[in-house]
Amino acid sequence: MRVYRVETDAGVGPYADWTWCSVVGLPLCDTEKQPGPGEDGMVGWTDGRHYFGFRDEHQLKDWFGEWLEALADAEFLVSVYDVPDEHVVHGSKQVAFVRDVAEHVESKHVLEVA
């Protein structure tokens, strides 16, 4: 399946450093809009093995919404990966995937998401 992940060109996501929310000044830690994996019904993910992303661009936009421009200003990209289905854990608002088995397809500017 295709997975869409917000990350820097070095592969670091906006939640890797928890101070990012306060440094950029964005409330990206709202448990209703951006739940943690447990709150999102995700079973089977492993911290350190799985990375987080989205099943499509629509889900990504629902998560980040009005903060996409700030993410772009902070030089985040949308990386697209092909991941074998058995290496993806689904939540209602996000997915977790094993990046070691994922194939990077492309990266694009955050504001290019549909």
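Below or above, wherever it landed, is the structure these notes cover. (Residues numbered from 1 in each chain as written. Predicted model: local features only at pLDDT ≥ 70, side-chain atom pairs only at ≥ 80, totals over all residues. Heavy atoms only, no water.)

### With respect to the packing of aromatic side chains
Thought 1: On inspection of all chains with the given rule, the structure shows four aromatic pairs.
Thought 2: Ring centres of Y81 and F97 lie 5.4 Å apart, and the angle between their planes is 40°; on these two criteria the pair is classed as tilted. Taken together, the residues Y81 in strand β3 (residues 77–82) and F97 in strand β5 (residues 95–98) connect sequence positions 16 residues apart.
Thought 3: Owing to a relative accessible area of 7%, Y81 belongs among the buried residues under this scheme.
Thought 4: An aromatic cluster of three or more residues is present, and its members are F54, W63 and F64. (Phe/Tyr/Trp six-rings, centres within 6.5 Å; stacked < 30°, edge-to-face > 60°. Helix = DSSP H or I, 4+ residues; strand = E, 2+ residues; numbered from the N terminus. Buried < 20%, exposed > 50% of the residue type's maximum accessible area, 1.4 Å probe, protein only.)

### Concerning the side chain of D40
Thought 1: Along the chain, D40 turns up in the loop between α1 (20–24) and β2 (50–53).
Thought 2: Among the polar contacts made by the side chain of D40, one reaches the main-chain amide nitrogen of K93 at a distance of 3.0 Å. (Polar contact = N/O pair within 3.5 Å; in protein donor to acceptor, adjacent residues only side chain to side chain.)

### Concerning the sheet that holds strand β6 (residues 103–109)
Thought 1: Spatially, the three strands line up as an open sheet ordered β1-β3-β6, and their pairing is antiparallel. The open sheet has two edge strands with one neighbour each: β1 (2–7) and β6. Going across the sheet, the axis of each strand differs from the next one's by a mean of 25°, ignoring polarity.
Thought 2: With six bridges joining them, β3 and β6 adopt antiparallel strand pairing. (Pairing = 2+ DSSP bridges. Axes fitted to C-alpha atoms, helices over the stretch in contact; angles between N-to-C directions.)

### A closer look at the nonpolar core
Thought 1: Residues V6, L60, F64, L68, L71, V78 and V110 are the most contacted members of the largest nonpolar core, which totals 14 residues.
Thought 2: Those elements giving two or more residues to this core turn out to be β1, α2 (57–64), α3 (68–73) and β3.
Thought 3: Discounting residues that sit within four places of it in the chain, L60 has contacts with Y4, V6, F54, G65, L68, V78 and V113.
Thought 4: Among the nonpolar cores identified, the runner-up in size contains seven residues, and Y81, V83, V88 and F97 belong to it. (Core = buried A, V, L, I, M, F, W, Y, C linked by side-chain atoms within 4.5 Å. Contact = heavy atoms within 4.5 Å.)

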